[in-house]
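Descriptive analysis of the structure
The chain contents come next:
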Amino acid sequence: MPRFSAPELVVVKVGSNSLRASDGGLDEGVIVDLVAQLAKLVGGGTRTVLVSSGAVAAGLAPLRMRTRPPDLPGLQAAASVGQGLLLHRYQEAFATHGLACGQMLLMAGDMVDRRRYLNARNTFERLLELGAVPVVNENDTVATEELRVGDNDRLAALVAGMLGAELLVMLSDVDGLYPDDPARAPGAPPIERVDDLTAVDPSRIGGSTSTVGTGGMVTKLDAVRIATLGAAHVVIAHARRPGVLGDVVSGAPIGTWFPARDRPESRKLWIAFATSPQGSLIVDDGAERAIVERGSSLLAVGITDVHGVFSAGSAVNVVGRDHQLIARGLVAFDAHDVRRMLGRSSGELRPVNRRAVVHRDSLVVLA
């Protein structure tokens, strides 16, 4: 029995280490094989989006760099050289199958600003309607640390949520998620299915040790959390396994499967993962139970501390006394106003401050 129903839309993410040849450049054979698998999916009627790392890696050899630059200008220089090379190679490979591919370079602002978010989604939809394969990467050549999505694992998950994809396939240089670091337990098989991410111990998992990428198993699990909340199944599998995409999409037991969760409304998905938190609200146990178990709004009486500087309308994290993330939402007051309201019941507040600090309609539970 397959793991899930045949998806109509699939997002495939491939990492830098999977595309890199031994000489530091792009591995032509891997790209040709990957595109052939993607073309087969498209030919079978599955709409397909590719999120591809590799721009920085592709730019290293032409710039005579042996390793990934440690500084942002160096990374941007390598990306500016490598992005064109990477896309050109994809265009050549897709053309042999009679397909076009379109470049989509995204930044954090494209996920945070609602208008830009919708515009990006419309562009994706039109490319897919025209039978083209969108090839996505972060716009590394101009993004600063403050404006970055962070890594292509997270970007792929956000794209999957944006488009309502039923499946995210994360191709890596490992076979899946292991119960322990393979370096400590060689020969152990990967976990076949993970239903509860909170049961995974980040200190024990192993993953990619790429010297040219930004990812690893921890970033993949962060991406899994985003994608599964957006109602996408996620599978982590080895990029160089023969026929890996066809097997994964058919629901075969390949790699590690993370089943989808119920999808919240799109606005809440956007609040949860596309917005950047500007601060944190620390809550007591009673407020935590009310939010998690009853879906309640967050009131001032349940807040014990405020971290950060934010204005009304900003995204904030809601954190328990054990420092665990509970929820994320849009706050109704400035940080200094919330500090004056700490622990006070509605009757003790001025009428203008008696509404919820974070209303449940703008609150997404992540615990």
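Right, let's walk through the structure included here. Predicted model, so just to flag it, every value in this text is computed and none were measured. (Residues numbered from 1 in each chain as written. Predicted model: local features only at pLDDT ≥ 70, side-chain atom pairs only at ≥ 80, totals over all residues. Heavy atoms only, no water.)

1. So, the side chain of asparagine 137
Note that asparagine 137 resides in strand β4 (residues 133-138). Using a relative accessible area of 2% as the deciding quantity, one classes asparagine 137 as buried. Those residues within four positions of asparagine 137 in sequence are excluded, and the remaining contacts are Ser52, Ala55, Gln83, Met104, Leu105, Leu106, Asn152 and Leu155. (Helix = DSSP H or I, 4+ residues; strand = E, 2+ residues; numbered from the N terminus. Buried < 20%, exposed > 50% of the residue type's maximum accessible area, 1.4 Å probe, protein only. Contact = heavy atoms within 4.5 Å.)

2. As for the packing of aromatic side chains
A complete count under the given rule lists 2 aromatic pairs for this structure. Here phenylalanine 4 and tryptophan 257 contribute two aromatic rings whose centre-to-centre distance is 6.1 Å and whose plane-to-plane angle is 65 degrees, an arrangement assigned as edge-to-face. Taken together, the positions of phenylalanine 4 in the segment before β1 (9-14) and tryptophan 257 in strand β7 (residues 256-258) put the pair 253 residues apart, joining distant regions of the chain. Both residues of the pair, phenylalanine 4 and tryptophan 257, count as buried. (Phe/Tyr/Trp six-rings, centres within 6.5 Å; stacked < 30°, edge-to-face > 60°.)

3. Here's the deal with the pairing of β4
A large share of β4 lies buried, amounting to 6 of its 6 residues. Of the strand pairs in this sheet, strand β2 (residues 47-52) and β4 are connected by 2 bridges, and their pairing is parallel. Within the sheet, the bridge partner assigned to leucine 50 lies in β4 and is valine 135. Alignment of strand β3 (residues 101-106) against β4, held across 6 bridges, turns out to be parallel. Opposite glutamine 103, over in β4, you have valine 135 as the bridge partner. (Pairing = 2+ DSSP bridges.)

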